[in-house]
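Summary of structural features
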Amino acid sequence: MAGSTRMLTWETPTGRLFINFTVGVLLGFVLTHVGLKLYDLGIVDKFHVSVLDRKSLLLLTNNHGDEDQAEAEANDDAEGSHGRITNSDYIVLGKDALSHWMSQKIRILCWIMTHPGNLQTKAIHVNATWVKRCSTVLFMSSENTDFPTIAVVDHEGRDHLWRKTRGAFEYISKHYLDKADWFLKADDDTYVIMENVRKLVSLYDPEKPIFFGRRFKSFGRKYTSGGAGYVLSRKAVKLLTEDAFKDTKLCKSATHVGYPEDVEIGRCLKNVGVETGDSRTDIYETFHPFIPEHMLVPSSLLKKYRWYYSLNFYPVQKGPKCCSDYSISFHYVTPDMMYWLEYMVYQMRPFGVGYHTCPSNIRTMIEPPS
Ligand SMILES: *[C@@H]1O[C@H](CO)[C@@H](O)[C@H](O)[C@H]1NC(C)=O
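Residue positions are counted from 1 within each chain, in the order its sequence is given. Reporting in this predicted model follows two pLDDT cut-offs: at least 70 for local features of residues, and 80 or more for side-chain atom pairs to be given and counted; totals over whole chains, interfaces and linings ignore these cut-offs and use all residues.

Filter applied, for reference: UniProt positions are given in the numbering used here, feature names are shortened, and annotations may be inferred rather than shown by experiment.
Looking up the chain in an unreviewed UniProt entry gives the name Glycoprotein-N-acetylgalactosamine 3-beta-galactosyltransferase 1, with the organism given as Holothuria leucospilota. What UniProt records for the chain under Sequence similarities (unreviewed entry) is the sentence "Belongs to the glycosyltransferase 31 family. Beta3-Gal-T subfamily." Under the heading Subcellular location (unreviewed entry), UniProt records this for the chain: "Membrane".

Shown next as structure tokens:
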């Protein structure tokens, strides 16, 4: 007993070690506590985005006044720093402003493949829901209307889808190439969560030739599903329209009918050196060729779409593993389901479950593409 008492005194080496250690732990604890208090009080209120070895992006957010916000936006414009997040980006974030800030930094043009018969039944509901989060939206059709729609072909029908896709990209290249950083194609029955598109592309340079979508393979061809939507960098659109479209060896001509547009776009992009990016988060897919029900419940999926199992590029995962928490799109979405998804994604939340919310003073880790 006497021995153990002696061990805790200053005289013995073990005692000194013990006291050193205890004081060290206490001091660390106090400093951390004071640091966190200062943070809470808003005294430590300036943060920068730091890109950590370009693998993960740590965003530290904080409350600022409107003046700071205006100033930061003015700086952004002056530097022309659109399209990419760099080490020097200073974020000014208030309430739910992370997505707002992302939408200022990363401009995405969405173009919707539609036709005159679908305007009042489908396109109008796309217009009323998710496309409001695009930086620019264009409805591509075979007639110019004040919907507005743009005529990029003169005939409708499945046989003319390739010509229509070509026409859409040619129109965009001519009029909108410098007005956006990324260019997303979707159908009038695709639902897209734009915040998650921006999350995906945020670590890539739009001046690099790359595109993302749901990867399929068929008859030895690798491509991305047209219905789940795909997103091209500015450079990819440039190469597609200025190089691939000009050479019938690289890409089928506009007069070619009856060819699947998504397979052909995949071939054209590959032929001009555009890389297919991995759009998954970890091993989970983000672009989905079906509605959530069919993605989640394998039996309902299997009955309807057997081809999907052999066509999917990566092994198909069942149940909740079908889909990333940061899912980007669903296909075959009816107009009614557009509003249902809008509610489920942006409004509905279980009380007390934190990850659904984005309050001020949060730290958000954006995971890297693997
Ligand atoms: C499309 O949405 C915009 C913005 O919400 C709205 O102003 C416009 O009237 C809508 N167009 C149609 C045809 O519904």
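1. Focus: the overall build of the chain
Selection criterion: Every helix listed is a DSSP run of H or I at least four residues long, and every strand listed is a run of E at least two residues long, numbered separately from the N terminus. Residue burial here comes from a neighbour count, namely the number of other C-beta atoms, placed from the backbone, that lie within 10 Å of the residue's own C-beta, with 20 or more meaning buried, 12 or fewer meaning exposed, and in between meaning partly exposed.
For the chain, the helix and strand inventory stands at 13 helices and 14 strands. Among the 370 residues that make up the chain, the fraction classed as buried is 34%.

2. A look at the site of the ligand
We count it as follows: Residues are classed as near a molecule or strand if the C-beta position derived from their backbone is within 6 Å of it. Polarity classes work like this: nonpolar for Ala, Val, Leu, Ile, Met, Phe, Trp, Tyr, Cys and Pro, charged for Asp, Glu, Lys and Arg, and polar for all others, with Gly in that last group.
All residues adjacent to the ligand are Ile124, Asn127, Lys132 and Phe147. Here the shell around the ligand is built from residues that sort into two nonpolar, one polar and one charged.

3. Details of the sheet that holds strand β3 (residues 108-113)
Selection rule: Two strands make a pair as long as DSSP finds a minimum of two bridges between them. The contact rule is simple: place each C-beta atom from the backbone, and if two of them lie within 7 Å, those residues are in contact. In this analysis an axis means a line fitted to C-alpha atoms, helices contributing only their contacting stretch, and an angle means the value between N-to-C directions, from 0 to 180 degrees.
Pairing in this open sheet of seven strands is mixed, and the strands run β5-β4-β3-β6-β11-β8-β12 from one edge to the other. Of all strands in the sheet, those with a lone pairing partner are β5 (150-151) and β12 (275-276), marking the two edges. As paired elements, strand β8 (residues 210-213) and strand β11 (residues 230-233) share three bridges and run antiparallel to each other. In the sheet register, phenylalanine 212 faces β11, and the bridge partner there is valine 231. Against the sheet, helix α8 (residues 234-242) makes contact with β6 (182-187), β8 and β11, and its axis sits at roughly 85° relative to β11, the strand it touches most.

4. What about the nonpolar core?
As a reminder of what qualifies: Note on terminology: a nonpolar core is a set of buried residues of type Ala, Val, Leu, Ile, Met, Phe, Trp, Tyr or Cys, with members joined through C-beta atoms within 7 Å.
By size, the foremost hydrophobic cluster in this structure holds 64 residues, and its most contacted members are Ile108, Ile112 and Val231. Tallying contributions element by element places β3 first for this core, with six residues. Other than its neighbours up to four places away in sequence, isoleucine 108 contacts Cys134, Ser135, Ala180, Trp182, Leu184, Met194, Val197 and Arg198.

5. Quick notes on helix α6 (residues 161-175)
We count it as follows: Here a helix's expected span is defined as the number of its residues, less one, multiplied by 1.5 Å.
The first and last C-alpha atoms of α6 sit 21 Å apart over 15 residues, in line with the 21 Å expected at 1.5 Å per residue. For α6, the set of buried residues is Leu161, Trp162, Arg163, Lys164, Thr165, Arg166, Ala168, Phe169 and Ile172.

6. Digging into the packing of α6 against helix α9 (residues 261-271)
Cut-off, in case you're wondering: Between 65 and 115 degrees an angle is taken as roughly perpendicular, under 35 as roughly parallel, over 145 as roughly antiparallel, and anywhere else as oblique. With the far helix as reference, a near helix turned anticlockwise by less than a right angle produces a left-handed crossing, and one turned clockwise produces a right-handed crossing.
Packing of α6 against α9 brings their axes to within 9 Å, and their N-to-C directions diverge by 50°. In this view, α6 runs oblique relative to α9, as classed from their interaxial angle. The way α6 lies across α9 gives a crossing that is right-handed. Contact residues: Leu161, Trp162 and Thr165 in α6; Glu261, Glu264 and Ile265 in α9. Its residues assigned to classes, the contact of α6 with α9 comprises three nonpolar, one polar and two charged.

7. Digging into the packing of α6 against α8
Their axes nearest at 10 Å, the elements α6 and α8 cross at an angle of 115°. Here α6 lies roughly perpendicular to α8, going by the angle between them. You can see that α6 and α8 cross each other, and the crossing is left-handed. Along its contact with α6, which presents Phe169, Glu170, Ile172 and Ser173, the element α8 presents Val237, Leu240 and Thr241. The residue makeup of the contact of α6 with α8, split by class, is four nonpolar, two polar and one charged.

8. Quick look at the environment of lysine 174
By the secondary structure assignment, lysine 174 is in helix α6. We classify lysine 174 as exposed; it has 9 C-beta atoms within 10 Å.

9. Topic: the environment of valine 316
Take valine 316: it is sitting in the loop between α12 (307-311) and β13 (329-330). Of the residues examined, valine 316 has 17 C-beta atoms within 10 Å and is grouped as partly exposed. Between the C-alpha atoms of valine 316 and proline 298, which are 18 residues apart in sequence, the distance is 9.9 Å.

10. A few points about the pairing of strand β9 (residues 215-218)
Examined bridge by bridge, β9 and strand β10 (residues 221-224) share four bridges and lie antiparallel to one another. Across the sheet, the residue bridging to serine 218 is arginine 221, located in β10. Hairpin connection of β9 to β10: two residues between the antiparallel strands, including phenylalanine 219 at a positive phi of 50°.

11. Comments concerning the confidence of the model for the chain
Spelled out, the test is: Within a predicted model, pLDDT stands for the predictor's per-residue confidence, ranging from 0 to 100.
Mean pLDDT over the chain: 80, with 74% of residues reaching 70 or higher. Confidence over residues 1-5 falls short of pLDDT 50; this stretch has zero contacts with residues more than four positions distant or in other chains. When the criterion is pLDDT under 50, residues 90-95 qualifies, and its contacts beyond four places in sequence or with other chains add up to 20 contacts.

12. Points about α8
Residues separated by three or four positions in an α-helix point in the same direction, a consequence of the helix having 3.6 residues per turn. Those residues of α8 lying buried are Arg234, Ala236, Val237, Leu239, Leu240 and Thr241. Among the structural elements, α6, β6, β8, β11 and α9 are those in contact with the buried residues of α8.

13. As for unusual backbone geometry
The omega torsion of the bond from phenylalanine 147 to proline 148 falls at 10°, within 30 degrees of zero and hence cis. In this fold, proline 148 is placed in the loop between β4 (136-141) and β5. You will see that aspartate 282, though not glycine, has its phi angle at about 60°, which is positive. Residue position: aspartate 282 is located in the loop between β12 and α10 (292-296).

14. Re the environment of valine 201
Tracing the backbone through its elements, the reader meets valine 201 in helix α7 (residues 194-201). Distance in space between the C-alpha atoms of valine 201 and leucine 232 is 9.6 Å, their sequence separation being 31 residues. If we skip the residues at most four places from it in the chain, valine 201 touches Ile106, Trp182 and Val231.

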